[in-house]
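# Close look at the chain arrangement
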Amino acid sequence: MGFLSVSNVHHTYFSSEAATDALQDIHFSVEKGEFVSILGASGCGKSTLLSIIAGLLTPTMGTVTIDGQPVIDNEQLSIGYMLQQDYLFPWKTIEENVTLGLTILQKKDEQSREIAIQLLQDVGLPHVEKKFPRELSGGMRQRVALARTLAVDPKILLLDEPFSALDYKSKLTLEDLVSKMLKDYSKTAVLVTHDIGEAIAMSDRIFLLSAKPGKLYKTFEVPQELIELPPFETRSHASYSTLFQLIWKELESLEHENTL
Amino acid sequence: MSTKILYENYKKSLINEKRKIRFFQLLILVVFISLWEIASRSKWIDPLIFSSPQKIWSLFIEKIQDGTLIMHANATLFETVLGFIIGTMLGTILAAILWWSPFFSKVVDPYLVVLNAMPKVALGPILIVVMGPGMTSIITMGAIISVIISTIVIYTAFREVDPNYLKVLQTFNATRFQMFKEAILPASFPTIISTLKVNVGLSWVGVIVGEFLVSSKGLGYLIIYGFQVFNFNLVLMSLMIIAIFATIMYQLVELLERKLVKTR
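Residues numbered from 1 in each chain as written. Chains lettered and ligands numbered in written order. Predicted model: local features only at pLDDT ≥ 70, side-chain atom pairs only at ≥ 80, totals over all residues. Heavy atoms only, no water.

## Describing the confidence of the model for chain A
Counting all residues, the mean pLDDT for chain A is 82, and 98% of those residues have values of 70 or more. Taken element by element, the predicted model of chain A shows its lowest mean pLDDT in helix H8 (residues 224–228) of chain A (75) and its highest in strand S8 (residues 188–193) of chain A (89). (pLDDT = per-residue confidence, 0-100. Helix = DSSP H or I, 4+ residues; strand = E, 2+ residues; numbered from the N terminus.)

Spelled out as structure tokens, the structure:
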């Protein structure tokens, strides 16, 4: 039993036309402090899997536990979830956005302001707490979203392609930042992505998901020398391209299988 | 240096354009009133029906001096503002209930369509019998005329709020009430304001029709009374006052809009 344990998860979407198997037989566990990526083509059910881990969606079968506790209807459990876009509330100031989780959990007190300012400092955005989201750029807004996610001190971070809507430079900068923040705060994290490079650069382990229905196709261990490097430097390391080629071939063979 | 001059010129051209617009707006008003006066005096139009600005003005002064106009205008204004506020608030509350319970909203959907399509002023006689021929019926009239359409429009806005905002709140284990308070309601403020704008017009209709029916006081009463004794000076004067008040109310709503929606 790991820190996060997903056992025999099976999910089927029902509509009046059909029942579609989205996930089948998903089984894995993640250790505390580990960073894993779920890699797969779009529509393979990886976002569904993340929603299930977050407890936002009840799987048709199977269970998910974090630190020994079930995730469904568990109000004690705090989970950090980052979406493809920042989804900062445009009518709230940056500070109010960062402390949103604390407000919802009714933990807002004199300290929350300090937490917010400290976190904004950590993500490299000092002196913006009185501004409104529309005054910031896309990359800055996603940093604020990261601060908002960390403000509630979540047990685990779930990242649903949080860099996909950013321009390339912001994406690389933010990857480094997220990676560093998670190490500093020693958080466990699950990243969902379709970007092989991003998966290698950021994670310790990579799960490759096949599509229709989503199954765990293969697991890749990222070599130690890459794990130690920050994402940006990983990309220029020699073993990076070796692993990239390996995963690329697997993805291709998967696609090939599907078209047959 | 030259950009500075260009910028100054640009600013000047902006001011000039504004002045031009104001000038023509004023011109239309002056031409309209003068034409009306001239047409009436030279009998191009029947002065008995269409009155004339001068006659309306002297009647206005007379009615101000004997105090009756203030009383009537006051009554109507009070009823309209109250009907307007009650209608919009009730609409928002109903929309919130519909949002709260998707099942309930599916059940009542056809009834909302029927209620919306029905001409609400036709309920007037029933309201007066039930609530008595007084202010209550008139205010109710001003409210029901706008409540169903407000409900429908605001409920639609509630449903169109990006579900990802709710997802963010859900990850913090937010309750449904918290989701409403933190995301649904503030995200829908622009729509609520635009229904307010529509409701300004609607509640005037409701209240004036109410006063037609109750016929005891108010600008609606003055209109119907003027019609009965064939005093069209009175009818047109009341109409003018309604136009002015309705415009002021609309402007106030716009002011509120600028205050509330400024952060977007």
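## Considering the layout of surface pockets
Residue and element names in this part refer to chain B. Considering only enclosed or pocket space, the largest pocket measures out at about 370 Å³ in volume. At the level of elements, helix H1 (2–41), helix H3 (53–65) and helix H12 (232–260) are the ones that each hand at least two residues to the lining of the largest pocket. Here the element with the most residues in the lining of the largest pocket is H12; it accounts for five residues. When the residues that make up the lining of the largest pocket are grouped by side-chain class, the tally is 13 nonpolar, no polar and no charged. Of the residues that make up the lining of the largest pocket, three or more belong to each of domain 1 (1–45) and domain 2 (51–263). (1 Å grid on protein atoms, 1.4 Å probe; cavity = no way out; pocket = protein on both sides within 12 Å on 5 of 7 lines; lining within 4 Å. Points joined across faces, edges and corners; volume = space filled by probe spheres on them. Nonpolar A, V, L, I, M, F, W, Y, C, P; charged D, E, K, R; others polar. Domains from an automatic or database assignment.)

## Some details on the interface of chain A and chain B
Residue-level contacts link 24 residues of chain A with 19 residues of chain B. The junction of chain A with chain B conceals about 2,100 Å² of combined surface from both sides, 66% of it contributed by carbon and sulfur atoms. Taken as a group, Tyr 87, Trp 91 and Ile 104 of chain A account for 34% of the area that chain A buries against chain B, more than any other trio of residues on that side. For Lys 92 of chain A, the salt bridge is made with Glu 182 of chain B, and the minimal N-O distance between the two is 2.6 Å. Taken together, the links from chain A to chain B amount to five residue pairs in polar contact (both at pLDDT 80 or more). Every element with two or more residues in the side of chain A that touches chain B is listed here: strand S6 (79–82) and helix H3 (100–104) of chain A. Considering every element that reaches the side of chain A that touches chain B, the biggest residue donor is H3 of chain A, with four residues. (Contact = heavy atoms within 4.5 Å. Buried area = accessible area lost by both parts, 1.4 Å probe. Salt bridge = Lys/Arg side-chain N within 4 Å of Asp/Glu carboxyl O. Polar contact = N/O pair within 3.5 Å; in protein donor to acceptor, adjacent residues only side chain to side chain.)

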